[in-house]
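# Topology and contacts: notes
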Amino acid sequence: MMTIEVRINGRLVASAVAVNQSNLDPVSDNLDPVSDYTFRADETRHPVSGKNPKVIDSTIKNHYRSDSVWSLVEKIASAAKED
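Residues numbered from 1 in each chain as written. Predicted model: local features only at pLDDT ≥ 70, side-chain atom pairs only at ≥ 80, totals over all residues. Heavy atoms only, no water.

Relative to strand β2 (residues 11–20), strand β1 (residues 2–8) is paired through seven bridges, and the arrangement is antiparallel. Pairing of Thr3 across the sheet is with Val17, part of β2. The turn linking β1 back onto β2 is made up of two residues, and Asn9 within it adopts a positive phi angle of 50°. (Pairing = 2+ DSSP bridges. Helix = DSSP H or I, 4+ residues; strand = E, 2+ residues; numbered from the N terminus.)

Below, the structure written as structure tokens:
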């Protein structure tokens, strides 16, 4: 599980929790090299634009686990902002 928090001046304005949905090899405890993740992201009411809070449930498919963790963060952020 991965947790992402976005804070502005110490105030939490958005967060996400992603969970790997790929197969765990019971012999080696290794996950598949390419994984799918489900995530839930939420964003508070935007104080400047006045946009309402939102919650997004989505999936990231075929993420290469050898990529940087920032690559997964980017995919989650991109999916959350498009919704």
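Turning to the environment of Ser22, a few remarks are in order. Within the secondary structure layout, Ser22 lies in the loop between β2 and β3 (34–43). Taking the C-alpha atoms as reference, Ser22 lies 21 Å from Ile56; in sequence the two are 34 residues apart. Once residues lying within four places of it in the same chain are set aside, the contact partners of Ser22 are Leu31, Asp32, Val34, Ser35 and Asp36. Here the side chain of Ser22 touches Ser35 through a polar contact of 3.3 Å, side chain to side chain. (Contact = heavy atoms within 4.5 Å. Polar contact = N/O pair within 3.5 Å; in protein donor to acceptor, adjacent residues only side chain to side chain.)

So, on to the nonpolar core. Met2, Ile4, Ala18, Phe39, Ile60, Leu72 and Ile76 are the most contacted members of the largest nonpolar core, which has 13 residues in total. Among the elements of the structure, β1, β2, β3, β4 (54–64) and α1 (69–82) are those that each provide at least two residues to this core. Broken down by element, the residue count for this core peaks at four residues, all from α1. When near neighbours in sequence (up to four residues on either side) are disregarded, Met2 contacts Ala16, Val17, Ala18, Val69, Leu72, Val73 and Ile76. (Core = buried A, V, L, I, M, F, W, Y, C linked by side-chain atoms within 4.5 Å. Buried < 20%, exposed > 50% of the residue type's maximum accessible area, 1.4 Å probe, protein only.)

Taking 1.5 Å of rise per residue, the 14 residues of α1 would be expected to cover 20 Å, and the 20 Å separating its terminal C-alpha atoms lies within 8% of that figure. Residues Ser71, Leu72, Val73, Ile76 and Ala80 constitute the buried set of α1. The inward-facing, buried residues of α1 contact β1, β2, β3 and β4. N-cap assignment for α1: the residue whose side-chain oxygen lies 3.1 Å from the backbone N of Trp70 is Ser68. (Expected span 1.5 Å × (residues − 1).)

Attention now goes to the sheet that holds β2. Taken in spatial order, the four strands of this open sheet run β1-β2-β3-β4, and their pairing is antiparallel. With one partner strand each, in any of the chains shown, β1 and β4 form the two edges of the open sheet. In this sheet, adjacent strand axes meet at a mean angle of 20° when their direction is disregarded. Strands β1, β2, β3 and β4 of the sheet are contacted by α1, whose axis makes an angle of about 140° with β4. (Axes fitted to C-alpha atoms, helices over the stretch in contact; angles between N-to-C directions.)

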